[in-house]
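Read off the chains here:
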Amino acid sequence: QLDLVESGGGWVQPGGSLRLSCAVSGFSLADLAIGWFRQAPGEEREGIACVSAMDNTYYADSVAGRFSIFRDKGRNLVYLQMNSLKPEDTAVYYCAGDPNDRKYYTGAWQCRHAMEATGKGTLVTVSS
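Here the structure is a predicted model, which is why all the values come from computation and not from measurement.

A. Broad picture of the packing of aromatic side chains. A full pass over the atoms with the stated rule returns two aromatic pairs. When the centroid spacing of 5.1 Å and the interplanar angle of 25° are considered together, the rings of Phe 70 and Tyr 79 count as stacked. The class for Phe 70 is partly exposed, based on a relative accessible area of 30%. Centre to centre, the rings of Tyr 105 and Trp 109 are 4.7 Å apart; their planes meet at 85°, and the pair counts as edge-to-face. The ring of Tyr 94 is capped by Arg 45, whose NZ or CZ atom sits 3.9 Å from the centre of that ring.

B. Main features of the pattern of salt bridges. All chains considered together, the criterion is met by seven salt bridges. When the shortest N-O distance is used, the salt bridge between Asp 89 and Arg 66 registers 2.8 Å. In this pair, Asp 89 sits in the loop between strand E8 (77-82) and strand E9 (91-98) while Arg 66 sits in the loop between strand E6 (57-59) and strand E7 (67-72), placing the two residues 23 residues apart along the sequence. Exposure class is identical for Asp 89 and Arg 66. Each is buried. The residue Glu 116 makes a salt bridge to Arg 102 at a minimum N-O spacing of 3.6 Å. Taken together, the positions of Glu 116 in the loop between helix H1 (107-111) and strand E10 (117-118) and Arg 102 in the loop between E9 and H1 put the pair 14 residues apart, joining distant regions of the chain.

C. Expanded view of the sheet that holds E8. Here four strands make up an open sheet; going across it, the order is E1-E3-E8-E7 and the pairing antiparallel. Only two strands of the sheet have a single partner each, and these edge strands are strand E1 (3-7) and E7. The sheet shows a mean angle of 20° between the axes of neighbouring strands, direction not considered. As judged from the five bridges shared by E1 and strand E3 (residues 18-25), these two strands associate in the antiparallel manner. For Val 5, the partnering residue across the bridge sits in E3 and is Ala 23.

D. Structural view of the environment of Ala 53. Position of Ala 53 relative to the elements: it lies in the loop between strand E5 (46-51) and E6. Here the alpha-carbon distance between Ala 53 and Tyr 105, two residues 52 residues apart in the chain, equals 7.9 Å. Not counting residues up to four positions away in its chain, the partners in contact with Ala 53 are Leu 32, Ala 33, Lys 103 and Tyr 104.

E. Structural detail: the state of the cysteines. Counting across every chain of the model gives two disulfides. Disulfide pairing places Cys 22 opposite Cys 95 at an S-S distance of 2.2 Å. Looking along the S-S bond of the Cys 22-Cys 95 disulfide, the torsion reads about -80°, which is the left-handed sense. With Cys 22 in strand E3 and Cys 95 in strand E9, this residue pair connects regions lying 73 residues apart in the sequence. When its relative accessible area of 0% is taken as the criterion, Cys 22 is described as buried. Look at the protein and number its bonded cysteines as they come in the sequence; the links are 1-3, 2-4.

Definitions and cut-offs
Residues numbered from 1 in each chain as written. Predicted model: local features only at pLDDT ≥ 70, side-chain atom pairs only at ≥ 80, totals over all residues. Heavy atoms only, no water. Phe/Tyr/Trp six-rings, centres within 6.5 Å; stacked < 30°, edge-to-face > 60°. Buried < 20%, exposed > 50% of the residue type's maximum accessible area, 1.4 Å probe, protein only. Lys NZ or Arg CZ within 6 Å of the ring centre and 35° of its normal. Salt bridge = Lys/Arg side-chain N within 4 Å of Asp/Glu carboxyl O. Helix = DSSP H or I, 4+ residues; strand = E, 2+ residues; numbered from the N terminus. Pairing = 2+ DSSP bridges. Axes fitted to C-alpha atoms, helices over the stretch in contact; angles between N-to-C directions. Contact = heavy atoms within 4.5 Å. Disulfide = S-S within 2.5 Å.

Below, the structure written as structure tokens:
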């Protein structure tokens, strides 16, 4: 069973940085598509950074150039490095993964579809 646990959320001032972590268990990262999604109050969940099992990476326009997703396959950890944070980045951030055959689809596809499993989320608040 695939299980994901996020950590690292908190409060940060505009322009600041934050790194989120996701501990993955049940599957090796090498066998997963993995991604970060977020949901702001009153908004739909948005896929912002996703990597396919073929290492194809996608970033939503809203975060491209500011956020980076990277994986530590040896420790089965996934990170989201967030720089130049804005108030509109305030949201609950979720880590998600998929071990099924669709894991080979592009990163863009991964971010536009629900993955097999999602963590409980971690809140990021950007304000002064």
